[in-house]
Amino acid sequence: VSNLSTQALVDMTPDVVLLAGDLSYADGYHHRWDSFGRMIERLGATVPIMTCGGNHEIASGEAWVPYNLRWPMPSDASGSTDSLYWS
């Protein structure tokens, strides 16, 4: 995801956006999560964003922690027993 693709999504006015894996490529550098959040904020302010984590969300010792803190998904509402899975 880049500034250009984020703006393109805003311009499309979708009902929802699904981001599938490797969201910020933070790789243990938490400030990268923050910069990704700032970049995607204008999209998230207008449309729900649903995410699925990828290998970079668990790599470099992240172990899903920054992902789960920043991108909570509706796992409880969907009856899932795991915060990473929802339907």
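Use the structure listed above.
For every chain, the first residue of its written sequence is number 1, and the numbers climb from 1 along that sequence. At least 70 in pLDDT is required for a residue's local features to be given in this predicted model, at least 80 for side-chain atom pairs to be given and counted, and no such filter applies to totals for whole chains, interfaces and linings, which use all residues. Based on all heavy atoms of the structure, the side-chain values leave hydrogens and waters out of the count.

Draft legend 1. The arrangement of the overall build of the protein chain in detail. Within the protein chain one finds four helices and two strands. Strands are runs of DSSP state E lasting at least 2 residues, helices are runs of H or I lasting at least 4, and numbering of each runs from the N terminus. Going from N to C terminus, the protein chain has its helices and strands arranged as α-β-α-β-α-α. Radius of gyration here is computed from C-alpha atoms only, and the compact-globule reference equals 2.2 Å multiplied by the residue count raised to the power 0.38. Since a compact globule built from 87 residues should have a radius of gyration of about 12 Å, the 13 Å found for the protein chain is in line with a globular shape. By principal-axis analysis of the C-alpha atoms, the protein chain measures approximately 35 × 30 × 15 Å. Per-residue burial over the protein chain gives 31% buried out of 87 residues. Only heavy atoms matter for contacts: two residues are in contact if any of them lie within 4.5 Å across the pair. Residue pairs at least 24 apart in sequence account for 62% of intrachain contacts in the protein chain once pairs closer than 6 positions are excluded. Shrake-Rupley sampling with a 1.4 Å probe provides the accessible areas, and residues are treated as covered by the protein chains on show and by no other component. Entry remark: accessible area of the protein chain is about 5,400 Å², with carbon and sulfur atoms responsible for 57%. Throughout, exposure labels follow a simple rule: accessible area from a 1.4 Å probe, protein chains only, divided by the maximum for the residue type, with under 20% read as buried, over 50% as exposed, and the rest as partly exposed.

Draft legend 2. A look at the packing of aromatic side chains. Two rings belonging to Phe, Tyr or Trp (six-membered ring only in the last case) form a pair when the distance between their centres is within 6.5 Å. Interplanar angles under 30 degrees mark stacking, angles over 60 mark edge-to-face geometry, and anything in between is tilted. Across all of its chains, the model carries two aromatic pairs by this definition. Note on Phe 36 and Trp 71: the rings are 6.1 Å apart at their centroids and 55 degrees apart in plane angle, and the pair reads as tilted. Of this pair, Phe 36 sits in helix α2 (residues 30-44) while Trp 71 sits in the loop between α3 (65-70) and α4 (75-78), and the two are 35 residues apart along the sequence. The two residues Phe 36 and Trp 71 agree in class, both being buried.

Draft legend 3. Just the nonpolar core, in detail. Residues Leu 19, Leu 23, Phe 36, Ile 40, Ile 49, Tyr 67 and Trp 71 are the most contacted members of the largest nonpolar core, which totals 16 residues. Sorting the residues of this core by element identifies β1 (17-20), α2 and β2 (49-52) as the ones contributing at least two each. With five residues, the top contributor of residues to this core is α2. Among buried residues, those of type Ala, Val, Leu, Ile, Met, Phe, Trp, Tyr and Cys that are joined through side-chain atoms within 4.5 Å constitute a nonpolar core.

Draft legend 4. Structural view of unusual backbone geometry. With a phi angle near 45 degrees, Thr 13 is a residue other than glycine that sits in the positive phi range. Here Thr 13 shows up in the loop between α1 (3-12) and β1. A positive phi angle is found at Tyr 25, which is not glycine, with a value near 50 degrees. Summarising the element assignment, Tyr 25 is placed in the loop between β1 and α2. Given a relative accessible area of 43%, Tyr 25 falls into the partly exposed group.

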